[in-house]
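# Structural description and commentary
Read off the chains here:
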Amino acid sequence: MGYIFDLVREQLDEEEDGEDILDFVSSGDGEPFESLEPPIQLDESFPSSIVITGIPKVPKDKFDKLLGVLSKLIDKNGKCEKNMPLAPSGAETQGVLFVTFESAEAAVNAKSTLDGMSLDKKHTFKVIMMDEFDKIVERSDEFTAQSSITAFSRADFRQWLEDKKCREQVLLRYQTETEIYWLDTALGEPVLCYGGEREKAGGKIWCDWRVQWSPQGHYLTTFHQRGVALWAGPDFKKKVRFAHDGVKFVQFSPTEEFILTWNGTAAIEADENAVKIFRVITGEQVKNCRTPAVAPLGDEFPHFLWSQDGKFYAECNDSAIMVRDTESFEIIKDDEGKKRSLKFPELSTFQWSPKDNVLAVWCLEKDNNPARLVLVEIPSRKELASRSRTMVEATMHWQSEGDYFCLINTKLSKTKKKGATNLEIFRIREKNIPVDIVEVKDTVRGFYWETKGRRFSVLTTDDAGHRPRLFIYGLTKEKCENIAVFDLPSNSFNNFFWAPEGQYFVVAAIGQGDLLFGGLTEHNKLEILHKDEHFMLTDVSWDPSSRFVITAVTQPMQNEIGGFKYSMEAGYAIWTFQGRVLYRQQKEKLWQIAWRPHPPSMLSEKKAVEVRKNIRTYSKRYDALDEQAKESARNAFKLERDTKNGAFKSVIDRLDEYKYDRYEENGWEEARLSHLATQDWKPKEDIIEEEIEVTEEKIQ
């Protein structure tokens, strides 16, 4: 170990008195390290000591008085030693007190008792353990945020789509219950999937107010006093919560990447937290702002509209549209690199294309400036098309695939009396966006694009509001032509619902109850399949597969106007697309009912066309499965019926046996024979001949 001596000498050579010290250092090899006793470890912890700050700074002559006041508070936690240092000047105390107790337990209790205690209005104690002191004072002045954001797994979010029976799910919100059902046509009734059993077992309320599916059906949103929660997976487990007091509405981005919540405050209240936007997968808040003054679609909500890919969202006022991206959540830049809104004087409304980042903007007429339609590409701000019109009122309608756009404009006289209506059909995908114009002389009650199709329907009445008619038009490569006209049987029909896959439809009298089920063949032949009624109807919705229709009478939520009006008729019915009733049920206080949406199909357009062409081939397998399920249901029903009949007959047999055993004893048999003898009954024989079938054969 001589090298240790050399190291020590080398170190001491740098000291002024190193030579003197070196005389006391042994030059021997010393004992081996293995044989030495382990060094004594110095205990540097102070588990029984605390540091109290927030102490008043007083002059030296008041030191004892202050210490006496503090001792009365501190000594309640046990015997201790106190040290209250003076400032370097010695004129006053430093505002801190060091206290050492006899045990660590007493110190912890003192910290818990004294931390946050107010001595007076200006002095509140802050207490920490002595062992935490160094860590706190050595903390860097530069703040480094620690991420607490976590994400959840989405591995099982689409399991409901893998159901072997190809069943759909239905959401019911009624009374205080929230329930999700499978629609099982083989059993003839919905089957409960989940009804909040886990929350009920834990003494919790699954939902305080509304419920809402996300656009692609992955999440179920429940509304609570403190915000909203998202539930997902086969067991509907809570995935994330978003804190926002008094949420009134929520809005997902189309891709479900973001969720927007609104607390219902008016724009004039200037609440900076009225609107919040969260990232769904992490739960982090990415934006908050006050309520915009204008809702572009004219209703109470929404105030923001999302682009189809979720990369942009937009709001407006009466002269501009503010488009923001979802990376920075700032207004998009123009060609000069400046953040600017899109200016549109007399702006009335705007809509995004369902498939492209294109805005359709409608501006009102004012003074000598005509009303104007503009189609704008985002983010380039390129104007794709524009049309000017005078003395008209207009509405806009995008086709589901963004291939077509319809501007409905109705001529107005100087006295604002309505005249003829023109349907201007823009062919978005074609060069220069040509326009087809269809004139409708009657009053247009409603316009409806066929989902994923080239056809659209129009409901009309005459000027007096009578003679309701249904017109259906089809678009070919060359023109737009009328393919069907139907006189509706009642003036109450006021709404039209295409199936999600097109072809079939329901015409409904919302508020009245009349229903008309129909469809169009491949050759555009109109077929009316069934007419029925659901009294006081308020809701009509197709399931995502276009196989079933729900009609319902729902009540407004509690404390909303008009709830009593529908209370006696609240309930729902499930129909096939041809109009055959599968299931009906009255449901007291039915607030909401909704099919679970499907995410976009992953099939290519080519594969989808192939499946449609060979649908009979694919359907054979499912027809066989359906027949097996129906046979199982029939057998189960027969078994249950036979079991109940057998039990009933067993009771009857026991009663008969008891009666016969008591015949002689009670004189029942004698009385029966005496009664029959007095009736003078005689047998009567009637012969009835009936021709069941006649077959004629020619004999060769």
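Preceding this section is the structure that the text describes.
Residues numbered from 1 in each chain as written. Predicted model: local features only at pLDDT ≥ 70, side-chain atom pairs only at ≥ 80, totals over all residues. Heavy atoms only, no water.

Looking now at the overall build of the protein chain. In terms of helices and strands, the protein chain carries 10 helices and 40 strands. At 41 Å, the protein chain has a C-alpha radius of gyration far larger than the 27 Å of a compact globule built from 700 residues. Dimensions along the principal axes, computed over C-alpha positions, put the protein chain at roughly 150 × 105 × 60 Å. Burial statistics for the protein chain: of 700 residues in total, 38% are counted as buried. For the protein chain, contacts bridging at least 24 residues in sequence account for 46% of all contacts bridging at least 6. In the structure as shown, the protein chain presents an accessible area of about 43,200 Å², 49% of it carried by carbon and sulfur atoms. Charge centroids of the protein chain, computed over 95 positive and 117 negative side chains, lie 8 Å from each other. (Helix = DSSP H or I, 4+ residues; strand = E, 2+ residues; numbered from the N terminus. Rg over C-alpha atoms; globule rule 2.2 N^0.38 Å. Buried < 20%, exposed > 50% of the residue type's maximum accessible area, 1.4 Å probe, protein only. Contact = heavy atoms within 4.5 Å. Areas by Shrake-Rupley, 256 points an atom, 1.4 Å probe, with all protein chains shown as cover. Lys, Arg positive; Asp, Glu negative; His and termini not counted. Charge placed at Lys NZ, Arg CZ, Asp CG, Glu CD.)

The next subject is the sheet that holds strand β29 (residues 455–461). The strands making up a sheet are joined through hydrogen bonds of the backbone, oriented either antiparallel or parallel. If you walk across this open sheet you meet the four strands as β28-β29-β30-β31, and the pairing is antiparallel. Unpaired on one side and paired on the other, β28 (443–449) and β31 (480–487) mark the two borders of the sheet. Each neighbouring strand pair of the sheet contributes to a mean axis angle of 20 degrees, computed without reference to strand direction. Relative to β29, β28 runs antiparallel, the two being bridged by six bridges. Counterpart to phenylalanine 447 in the pairing with β29 is valine 458. (Pairing = 2+ DSSP bridges. Axes fitted to C-alpha atoms, helices over the stretch in contact; angles between N-to-C directions.)

With that settled, consider the pairing of strand β25 (residues 404–412). Along β25, eight of the nine residues are buried, which leaves the element largely enclosed by surrounding structure. As paired strands, strand β24 (residues 392–398) and β25 are joined by seven bridges and run antiparallel to one another. Counted as the bridge partner of alanine 394 is asparagine 409 from β25. Between β24 and β25, which pair antiparallel and follow one another directly, the connecting turn spans five residues, one of which, glycine 402, has a positive phi of 70 degrees.

In this section: the pattern of salt bridges. Applying the stated criterion across every chain, the model contains 33 salt bridges. Across the salt bridge formed by arginine 279 and glutamate 257, the nearest N and O atoms sit 3.3 Å from each other. With a gap of 22 residues between them, arginine 279 in strand β14 (residues 275–279) and glutamate 257 in the loop between β12 (249–252) and β13 (258–262) connect regions that are remote in the sequence. Looking at glutamate 257, the relative accessible area reads 38%, which means it is partly exposed. When the shortest N-O distance is used, the salt bridge between arginine 324 and glutamate 315 registers 2.7 Å. When salt bridges with common partners are traced through the structure, they connect Asp163, Lys165, Arg167 and Asp184 into a single cluster. (Salt bridge = Lys/Arg side-chain N within 4 Å of Asp/Glu carboxyl O.)

Looking now at the side chain of glutamate 168. With respect to the helices and strands, the residue glutamate 168 is situated in strand β5 (residues 168–174). Not counting residues within four places of it along the chain, the set of residues in contact with glutamate 168 comprises Tyr181, Trp182, Leu183, Asp543, Pro544, Ser545, Arg547, Trp595, Arg596 and His598.

Let us look at the packing of aromatic side chains. Evaluation of the coordinates by the stated rule reveals 32 aromatic pairs. A centroid spacing of 5.7 Å and a plane angle of 65 degrees characterise the contact between phenylalanine 405 and phenylalanine 426, whose relative ring orientation is edge-to-face. Highlighted residues: phenylalanine 405 in strand β25 and phenylalanine 426 in strand β26 (residues 418–427), separated in sequence by 21 residues. Take phenylalanine 405: its relative accessible area is 0%, and that puts it in the buried class. (Phe/Tyr/Trp six-rings, centres within 6.5 Å; stacked < 30°, edge-to-face > 60°.)

Moving on: the side chain of glutamine 216. Residue position: glutamine 216 is located in the loop between β8 (211–213) and β9 (220–224). Taking the relative accessible area as the measure of exposure, glutamine 216 reaches 14% and is therefore buried. Here the side chain of glutamine 216 touches proline 254 through a polar contact of 3.2 Å, landing on its backbone oxygen. Glutamine 216 has contacts with Arg158, Trp160, Pro254, Thr255, Glu256, Pro597, His598, Pro599 and Pro600, leaving out every residue within four places of it along the chain. (Polar contact = N/O pair within 3.5 Å; in protein donor to acceptor, adjacent residues only side chain to side chain.)

For the structure on display, the rule yields one cavity of 30 Å³ or more. Computed from the structure, the largest cavity encloses a volume of approximately 30 Å³. Taken together, Leu183, Asp184, Thr185, Gly188, Glu189, Pro190, Leu582 and Tyr583 form the lining of the largest cavity. Among the elements of the structure, β6 (177–184), β7 (189–194) and β39 (581–586) are those that each provide at least two residues to the lining of the largest cavity. (1 Å grid on protein atoms, 1.4 Å probe; cavity = no way out; pocket = protein on both sides within 12 Å on 5 of 7 lines; lining within 4 Å. Points joined across faces, edges and corners; volume = space filled by probe spheres on them.)

Taken together, the side chains of Asp43, Glu44, Asp131, Glu132, Asp134 and Glu138 make up a negatively charged region of the molecular surface. Secondary-structure assignment places glutamate 44 in the loop between α2 (18–22) and β1 (49–53). On the basis of relative accessible area, glutamate 44 is assigned to the exposed category, the value being 62%. (Patch = residues over 30% accessible without salt bridge, like charges linked within 9 Å, V, L, I, M, F, W, Y side chains within 5 Å.)

The next thing to look at is the sheet that holds strand β16 (residues 305–306). Taken in spatial order, the four strands of this open sheet run β16-β17-β18-β19, and their pairing is antiparallel. Pairing within the sheet leaves two strands with one partner each, and these edge strands are β16 and β19 (342–343). As paired strands, β16 and strand β17 (residues 312–316) are joined by two bridges and run antiparallel to one another. Counterpart to tryptophan 306 in the pairing with β17 is tyrosine 313.

With that settled, the discussion passes to unusual backbone geometry. Apart from glycine, the bulk of residues carry a negative phi angle, and the bulk of peptide bonds sit in the trans form. Note that the residue after phenylalanine 301, namely proline 302, is joined by a cis bond; omega there is 10 degrees. In this structure, proline 302 sits in the loop between β15 (285–289) and β16. A positive phi angle, near 45 degrees, is found at glutamine 175, a position not held by glycine. With respect to the helices and strands, glutamine 175 occurs in the loop between β5 and β6. Exposure remark for glutamine 175: the relative accessible area of 35% places this residue in the partly exposed category.

Right, let's get into the pairing of strand β23 (residues 383–389). Remember that side chains alternate between the two faces of the sheet whenever the strand is regular. In this structure, strand β22 (residues 371–377) lies alongside β23, joined through six bridges in antiparallel fashion. Bridge pairing in β23 places leucine 375 opposite alanine 385. Here β22 folds back onto β23 in antiparallel fashion, the turn holding five residues, of which arginine 381 has a positive phi close to 65 degrees.

Along the chain, arginine 210 turns up in the loop between α6 (197–201) and β8. Looking at arginine 210, its side chain comes within polar contact range of the main-chain oxygen of lysine 248, at 3.1 Å.

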